[in-house]
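The chain contents come next:
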Amino acid sequence: QVQLIESGGGLVQAGGSLRLSCAASGRTVSSNVMAWFRQAPGREREFVAAISWGGGSRNYADSVKGRFTISRDNVKNTVSLQMNSLKPEDTAVYYCAADSLSTNWFQGDPRYRYWGQGTQVTVSS
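Let me begin by describing the structure that accompanies this report. The structure presented is a predicted model; accordingly, all values stated were derived computationally and were not measured.

Broken down by element type, the chain carries zero helices and eleven strands. Its helices and strands in sequence order give the chain the pattern β-β-β-β-β-β-β-β-β-β-β, from N to C terminus. Computed over its C-alpha atoms, the radius of gyration of the chain comes to 13 Å, within 12% of the 14 Å expected for a compact globule of 125 residues. Once the C-alpha set of the chain is aligned to its principal axes, its extents read approximately 40 × 25 × 25 Å. The contacts in the chain between residues at least 6 apart in sequence include a share of 58% that link residues at least 24 apart. Summed over its atoms, the accessible surface of the chain is roughly 6,300 Å², and 47% of this surface lies on carbon and sulfur atoms.

Laid out in structure tokens, this is it:
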């Protein structure tokens, strides 16, 4: 069993930056795909970014490309999301996910074995 704990959320003005972190405990996730998703009020959960076990493959939603960067540290068992040039439409609860159950993880398939509880990101205009 794996527990995922997100941190780093908060309130920021438009154009600002935040860095989210997700720490995995229980067992290593270094051999697993990890990803970030988000859910805004009244909307479906949506894909943000995913990273392969070695970090060599990464993909992003079109809405965040060029602004967000996903990275991982397999020694520390963590995955991070650096968010720059934040916009009010980035406001959402951000969730960390680990261990994809799909071969389509690169395209943002949301089927993951483990999920965190989420961290709130609010971007004011």
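All chains considered together, the criterion is met by one disulfide. Residue Cys 22 pairs covalently with Cys 96 via a disulfide, S to S 2.1 Å. With the S-S dihedral at roughly -80°, the linkage between Cys 22 and Cys 96 falls on the left-handed side. Of the two residues, Cys 22 sits in strand β3 (residues 18–25) while Cys 96 sits in strand β9 (residues 92–100), which places them 74 residues apart along the sequence.

Once their charged atoms are close, side chains differing in charge can pair, the charge on each being opposite to the other. Applying the stated rule across the entire model yields six salt bridges. Arg 67 is the salt-bridge partner of Asp 90, the closest N and O atoms lying 2.7 Å from each other. One end of the pair, Asp 90, is in the loop between β8 (78–83) and β9; the other, Arg 67, is in the loop between β6 (58–60) and β7 (68–73), and 23 residues separate them in sequence. By relative accessible area, which is 9% here, Arg 67 ends up buried.

A few words on the nonpolar core. Within the largest apolar cluster, 38 residues are counted, with the highest numbers of intra-cluster contacts made by Leu 4, Met 34, Trp 36, Leu 81, Met 83 and Tyr 94. Put simply, the parts of the chain that give this core at least two residues each are β3, β4 (34–39), β5 (46–51), β7, β8, β9, β10 (112–115) and β11 (119–124). Sequence-distant contacts of Leu 81, that is, excluding residues within four places in its chain, are made with Leu 18, Arg 19, Leu 20, Trp 36, Val 48, Ala 49, Phe 68, Thr 69, Ile 70 and Tyr 94.

Residues Thr 119, Val 121 and Val 123 of β11 are buried on one face, while the alternating residues Gln 120, Thr 122 and Ser 124, pointing to the opposite face, are not. The pairing of β9 with β11 spans three bridges and is classified as antiparallel. Looking across to β11, one finds that Tyr 94 is bridged to Thr 119.

The next subject is the sheet that holds strand β1 (residues 3–7). In spatial order, the strands read β1-β3-β8-β7; together these four strands make up an open sheet with antiparallel pairing. What marks the edges here is a single partner per strand, and that holds for β1 and β7. This sheet shows a mean twist of 15° between the axes of neighbouring strands, independent of strand direction. Direction of pairing for β3 relative to β8: antiparallel, over a ladder of six bridges. From the neighbouring strand, Leu 18 faces β8, where its bridge partner is Met 83.

Conventions and cut-offs
Residues numbered from 1 in each chain as written. Predicted model: local features only at pLDDT ≥ 70, side-chain atom pairs only at ≥ 80, totals over all residues. Heavy atoms only, no water. Helix = DSSP H or I, 4+ residues; strand = E, 2+ residues; numbered from the N terminus. Rg over C-alpha atoms; globule rule 2.2 N^0.38 Å. Contact = heavy atoms within 4.5 Å. Areas by Shrake-Rupley, 256 points an atom, 1.4 Å probe, with all protein chains shown as cover. Disulfide = S-S within 2.5 Å. Salt bridge = Lys/Arg side-chain N within 4 Å of Asp/Glu carboxyl O. Buried < 20%, exposed > 50% of the residue type's maximum accessible area, 1.4 Å probe, protein only. Core = buried A, V, L, I, M, F, W, Y, C linked by side-chain atoms within 4.5 Å. Pairing = 2+ DSSP bridges. Axes fitted to C-alpha atoms, helices over the stretch in contact; angles between N-to-C directions.

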